[in-house]
Amino acid sequence: MMIGICTWNNLVAPVFDVSGTILLVQTSPGRRDILEQEDISVCDNLDKIRRLTSMNIELLVCGAVSRLWHDILTACGIQVISYMAGPWDRVLQALDEDRLESSEFRMPGCPPYMQTRNREAINKVAAVKKAWMRQSS
Amino acid sequence: MSPKTKNKEPCSGFNCSILESVSDGVFTVDGQWLITSFNRAAELITGISRKEAVGRPCWEVFHSSLCESECALRYTRKTGKTVVGKTCYIVDARGRRITISVSTALLKNVHGEVVGGVETFRDLSEMESLRLKFKGDFDMGDLISHSPAMQKVLEVTPAVAETATTVLIQGETGTGKELVAKTIHALSLGGKAPFVAINCAALPDTLLESELFGYKAGAFTGAQKNKPGKFAQARGGTLFLDEIGDMSLSMQTKLLRVLQEKCFEPLGAFASEKTDARIIAATNKDLKHLVDIGAFRQDLFYRVNVVRIDLPPLRDRKEDIPFLAGHFVERFNRLFNREITGVDPQVLSLFMAYEWPGNIRELENIMERAFVLCRHGEIKRSHLPRDLILKEGKAGEVPSMSTIKQGLEAGNISRALKQTQNNLSQAAKLLGIHRSTLHRKIKKLGL
């Protein structure tokens, strides 16, 4: 599963709409590989959409995001876990360990509909992991 | 995550009352960027309670477009200089972008030592809303596009605006021809002069002639005083001739003369009047075809077809639909004073599957209708017209997001290849991806 996480100073970037860097992480059964860091700071909106769709990201983890961008990402088939905060490596670790809904990583101000979508995305990740476990056993 | 600070808020007594009574948002941070106070207005503007805010790093609460790269407080802390009235936006607790202006200053203790910073911010969304109302229905945001199909249009528009050349805009009904014409006008040197529009299909010849050229008192029964025509009204500005393809051959002859000689004669006048208005003509028909079948004068075609802008139909730029839908939500929220949060993903998926014969105007109308029915929350399927749902039923299931994504991707790649005459490297550059990635995608999508 290809995960994109918007980063800034080793943290999850505060606002997706203006974030400058996306870290691409490939997860597979039992492993997590950090592939590359993409600079999207110079992208205008058009470039950003092109870049995001070309990166084959299935799940995007980010900080605050406007409704507009949330809808665009969803329309492009990208699941979004938004309003996350803290060091990005710990956020990814928490995603691995199904602890992402802990208040430790929650950024204040997450609109209710995005909380619902977050839950859906987290459940989907959990389902993928369960499928991997079934395959391996 | 940083632990919440145990610091007592510095806001107390008289100072606190002042801070609580002002309409500007105010928050203070300590040396670690943790919020130490957050006034009532800050709660209202951001939608985040003081309880949630205090003790958090400011960027986790403020969600401003400046946080990452141009933080005003960081600048003040670094240089000691204040920032006054810097404009940016924040994302509030409803996911809306709120335009604000921020000002910052250092916080010092009684010994003059810097102990943190203070940021005040003013909600400018009301002002933004008023500005849009005064602008009337012309909103350049409607030209919003992220589709390669529209890129040529967006690239050529400012270049065309710099010249005074005649422009022909072709596109299906509802694609935004008048909006492009208004944009060209607004960006041109005569942008402050009038933009005058006339629909050539809506009027019979005699009326169209008097509307275009005007008349003098006594020119015909009932003409009691002089009336300037559209050419005179558009002096120094732009005359937009909509649906020029529906103009009669006789009127075409009269128009051709004006375009050739840059002068016209009002009905009943003895002398010609000069015109320097830029002509932008538009049609939803194929003018070249009309020339071929003898319904449009060839010489007039060459006169108006100096620069041609072809507007793609919405079905060829479906990736713009989420943006446009979001744009209409923001606009109708302002116009109707509502707080609709957005469009349900199911509705968006339905929009992406629909063919939009009426183009952006149809999308706008559907969104406006939905605003009448939807009082709060998201726009759902139940707020859409029955016709749209029925068409979906006939067409079958709404495609999944991944199918839509593949469709969009295939469309983008095809257009990029067409634009670059199948040059893979150039197409990859245009799409912002690596050549090998493009090659893989072409294979995967079976293009």
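It should be noted that the structure appears before, not after, this text.
These numbers were taken from a predicted model, which means no experiment stands behind them.

A.B. asks: Can you help me understand the overall build of chain A in this one?
C.D. replies: Counting its secondary structure elements, chain A contains 4 helices and 6 strands. For chain A, the proportion of its 137 residues judged to be buried stands at 60%. Long-range contacts, defined as pairs at least 24 residues apart, comprise 51% of the intrachain contacts of chain A with a sequence gap of at least 6. Accessible area for chain A stands at about 5,500 Å²; split by element, carbon and sulfur atoms hold 47% of it.

A.B. asks: Just checking my understanding: could you explain the interface of chain A and chain B for this structure?
C.D. replies: A common measure of how large an interface is: the accessible area buried when the components associate. Facing 47 residues of chain A, the contacting portion of chain B comprises 48 residues. Across the interface of chain A and chain B, roughly 3,700 Å² is buried in total on both sides, 59% from carbon and sulfur atoms. For the pair chain A and chain B, the number of links is 3 salt bridges. For R117 of chain A, the salt bridge goes to E378 of chain B, with nearest N and O atoms at 3.0 Å. Connecting chain A to chain B are 12 residue pairs in polar contact (both at pLDDT 80 or more). Every element with two or more residues in the side of chain A that touches chain B is listed here: β1 (2–8), α1 (45–54), α2 (67–75) and α4 (112–136) of chain A. Per-class residue counts for the side of chain A that touches chain B are 25 nonpolar, 13 polar and 9 charged.

A.B. asks: Got a minute to help me understand the nonpolar core in this structure?
C.D. replies: Soluble globular proteins: nonpolar side chains tend toward being buried together. If you look at the biggest cluster of nonpolar residues, it comprises 59 residues, and the most contacted ones within it are F16, I22, I57, L60 and W69 of chain A together with F27 and I100 of chain B. Ranked by residue count, the leading element in this core is strand β3 (residues 83–91) of chain B, at 5 residues. The residues contacting F27 of chain B, other than those within four sequence positions of it, are I35, S37, F38, C58, F62, L73, G117, V118, E119 and F121 of chain B.

A.B. asks: Would you mind showing me how to read the pattern of salt bridges here?
C.D. replies: Close approach of charged atoms allows side chains of opposite charge to pair. Residue and element names in this part refer to chain B. Taken as a whole and judged by the stated rule, the model has 33 salt bridges over all chains. The salt bridge involving E209 is made with K254; its shortest N-O contact spans 3.0 Å. With E209 in helix α9 (residues 205–213) and K254 in helix α11 (residues 249–261), this residue pair connects regions lying 45 residues apart in the sequence. E209 sits in the buried class, given a relative accessible area of 16%.

A.B. asks: Got a minute to help me understand the environment of W132 of chain A in this structure?
C.D. replies: Residues and elements named next belong to chain A. Residue position: W132 is located in helix α4. On the basis of relative accessible area, W132 is assigned to the buried category, the value being 18%. Along the backbone, W132 and P29 are 103 residues apart, and their C-alpha atoms lie at a distance of 5.8 Å. Excluding residues within four positions of it along the chain, W132 makes contact with M1, T27, S28 and P29.

A.B. asks: Just checking my understanding: could you explain empty space enclosed by the protein for this structure?
C.D. replies: Rolled over the atoms, a probe as big as a water molecule pinpoints where empty space is left. Residue and element names in this part refer to chain B. Taken as a whole and judged by the stated rule, the model has 7 cavities of 30 Å³ or more. Put simply, the second largest cavity is a space of about 90 Å³. Broken down by secondary-structure element, the contributors of at least two residues to the lining of the second largest cavity are α4 (58–62) and α5 (72–79). Within the lining of the second largest cavity, the residues separate by chemical class into 11 nonpolar, 1 polar and 2 charged.

A.B. asks: Explain the packing of helix α19 (residues 424–431) of chain B against helix α20 (residues 435–445) of chain B here, please?
C.D. replies: Helix-helix packing is characterised by the crossing angle of the two axes and by the distance between the axes. Residues and elements named next belong to chain B. Between α19 and α20, whose axes approach to 9 Å, the crossing angle comes to 100°. Considering the angle they form, α19 stands roughly perpendicular to α20. Contact residues: L424, S425, A427, A428 and L431 in α19; R435, L438, H439 and I442 in α20. Looking at the contact of α19 with α20, its residues break down into 6 nonpolar, 2 polar and 1 charged.

A.B. asks: Would you take a moment to explain the sheet that holds strand β10 (residues 238–242) of chain B for this structure?
C.D. replies: Note on sheets: strands pair through backbone hydrogen bonds, and any given pair is parallel or antiparallel. Residues and elements named next belong to chain B. On the basis of which strands lie adjacent, the open sheet formed by 5 strands has the order β7-β10-β13-β6-β14 and parallel pairing. Here the strands that pair on one side only, and so sit at the sheet edges, are β7 (195–199) and β14 (307–311). Strand-to-strand twist of the sheet, defined as the mean angle between neighbouring strand axes without regard to direction, takes the value 20°. With 5 bridges connecting them, strand β6 (residues 167–171) and β14 associate as parallel partners.

How each quantity is defined
- Residues numbered from 1 in each chain as written.
- Chains lettered and ligands numbered in written order.
- Predicted model: local features only at pLDDT ≥ 70, side-chain atom pairs only at ≥ 80, totals over all residues.
- Heavy atoms only, no water.
- Helix = DSSP H or I, 4+ residues; strand = E, 2+ residues; numbered from the N terminus.
- Buried < 20%, exposed > 50% of the residue type's maximum accessible area, 1.4 Å probe, protein only.
- Contact = heavy atoms within 4.5 Å.
- Areas by Shrake-Rupley, 256 points an atom, 1.4 Å probe, with all protein chains shown as cover.
- Buried area = accessible area lost by both parts, 1.4 Å probe.
- Salt bridge = Lys/Arg side-chain N within 4 Å of Asp/Glu carboxyl O.
- Polar contact = N/O pair within 3.5 Å; in protein donor to acceptor, adjacent residues only side chain to side chain.
- Nonpolar A, V, L, I, M, F, W, Y, C, P; charged D, E, K, R; others polar.
- Core = buried A, V, L, I, M, F, W, Y, C linked by side-chain atoms within 4.5 Å.
- 1 Å grid on protein atoms, 1.4 Å probe; cavity = no way out; pocket = protein on both sides within 12 Å on 5 of 7 lines; lining within 4 Å.
- Points joined across faces, edges and corners; volume = space filled by probe spheres on them.
- Axes fitted to C-alpha atoms, helices over the stretch in contact; angles between N-to-C directions.
- Parallel < 35°, antiparallel > 145°, perpendicular 65-115°, else oblique.
- Pairing = 2+ DSSP bridges.

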